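# Residue-level structural notes
As a plain string of letters, each chain reads:
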Amino acid sequence: LENHLIQRGYSSDVVAAVLTGGFHDLRSAYQRIDAMEVFKKRPDFDPLAVALKRVGNIIKNFEGGGSISPDLFDTEAESTLHRVFLETRGEVLDHIARDEYEAALVVLAGLREPVDAFFEAVLVMAEDPRVRYNRLSLLEHISRLFLKIADFAKVNAGT
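Described in the following lines is the structure provided in the data block. (Residues numbered from 1 in each chain as written. Predicted model: local features only at pLDDT ≥ 70, side-chain atom pairs only at ≥ 80, totals over all residues. Heavy atoms only, no water.)

With that settled, the discussion passes to the overall build of the protein chain. Broken down by element type, the protein chain carries eight helices and zero strands. What you see in the protein chain, going N to C, is helices and strands ordered as α-α-α-α-α-α-α-α. Taken over the C-alpha atoms alone, the protein chain extends approximately 50 × 30 × 25 Å along its principal axes. Burial statistics for the protein chain: of 159 residues in total, 45% are counted as buried. Element-wise, carbon and sulfur atoms account for 49% of the exposed surface of the protein chain, whose accessible area totals about 8,100 Å². Charge-centre separation for the protein chain: the mean point of 19 positive side chains lies 3 Å from the mean point of 25 negative side chains. (Helix = DSSP H or I, 4+ residues; strand = E, 2+ residues; numbered from the N terminus. Buried < 20%, exposed > 50% of the residue type's maximum accessible area, 1.4 Å probe, protein only. Areas by Shrake-Rupley, 256 points an atom, 1.4 Å probe, with all protein chains shown as cover. Lys, Arg positive; Asp, Glu negative; His and termini not counted. Charge placed at Lys NZ, Arg CZ, Asp CG, Glu CD.)

Across all of its chains, the model carries six aromatic pairs by this definition. Through successive ring pairs, a cluster of aromatic residues spans Phe39, Phe45, Phe146 and Phe152. Directly above the ring of phenylalanine 119 sits arginine 54, whose terminal nitrogen or CZ lies 4.2 Å from the centroid. (Phe/Tyr/Trp six-rings, centres within 6.5 Å; stacked < 30°, edge-to-face > 60°. Lys NZ or Arg CZ within 6 Å of the ring centre and 35° of its normal.)

In this section: helix H4 (residues 45-59). Over its 15 residues, H4 runs 21 Å from end to end, which matches the ideal 21 Å to within 8%, given 1.5 Å per residue. Every buried residue belonging to H4 is among Phe45, Leu48, Ala49, Ala51, Leu52, Val55 and Ile59, and all of these are buried. For H4, the buried positions fall inside an angular range of 165° around the axis, keeping them on one side. In this structure, H4 carries Val50 and Asn57 as exposed residues pointing more than 90 degrees from its buried face. (Expected span 1.5 Å × (residues − 1). Arc of directions from axis to C-beta.)

By secondary structure assignment, the location of asparagine 134 is in helix H8 (residues 129-147). Of note is the side chain of asparagine 134, whose polar atom sits 2.6 Å from the backbone nitrogen of serine 69. Here asparagine 134 is in contact with Ser67, Ile68, Ser69, Leu72 and Phe73, once residues within four sequence places are set aside. (Polar contact = N/O pair within 3.5 Å; in protein donor to acceptor, adjacent residues only side chain to side chain. Contact = heavy atoms within 4.5 Å.)

This part takes up the nonpolar core. Nonpolar side chains tend to gather and get buried jointly when the protein is soluble and globular. In terms of nonpolar packing, the biggest core is built from 50 residues, with Met36, Leu111, Ile149 and Phe152 touching the most fellow members. Listed by contribution, the elements that provide at least two residues to this core are helix H2 (12-21), helix H3 (26-39), H4, helix H5 (76-97), helix H6 (101-108), helix H7 (112-121) and H8. Those residues in contact with methionine 36, other than ones at most four positions away along the chain, are Val14, Val18, Phe45, Leu105, Ile149, Ala150, Phe152 and Val155. (Core = buried A, V, L, I, M, F, W, Y, C linked by side-chain atoms within 4.5 Å.)

Right, let's get into the pattern of salt bridges. For side chains of opposite charge, pairing can occur when their charged atoms come near one another. Per the counting criterion, the structure on display carries eleven salt bridges. Note that arginine 83 and glutamate 87 form a salt bridge whose closest N and O atoms lie 3.4 Å from each other. In this pair, arginine 83 and glutamate 87 are both assigned in helix H5, four residues apart and thus about one turn of the helix distant. By relative accessible area, which is 43% here, arginine 83 ends up partly exposed. Salt bridges linked by common partners bring Asp74, Glu78 and Arg135 together as one network. (Salt bridge = Lys/Arg side-chain N within 4 Å of Asp/Glu carboxyl O.)

Below you can see the structure in the form of structure tokens.
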């Protein structure tokens, strides 16, 4: 399938990103690839891809992703990221349920600034294991939401 899609003119990185995320039918895969091809050309794509690759690198060996405890947040950046994630998640899932992948990506792009602010203000690997687990869980939940469309770590930013 990957070779077939690339032969049809789709970018190999976009194809890999979408197929890695999994799909339930071919129509869905094609729609997600088409949406990613369009979204990749947007000026806000590269900064978003960089932020998501950073998220992916930090949670790479994290085995958890349990519930997130807002009472463990000790910065405004954590609270803001969590709030924006919760607001974004429902809208994104609604778009995905209607196969509106480009619209879902536009909504997801709204997480870039809170993710960047989070990384500027927060030491993810805090000494307190509960705080560290909570921060990693938040990032893992965000990553899983993006994976419903594609694995952004596989997409070449700047192309």
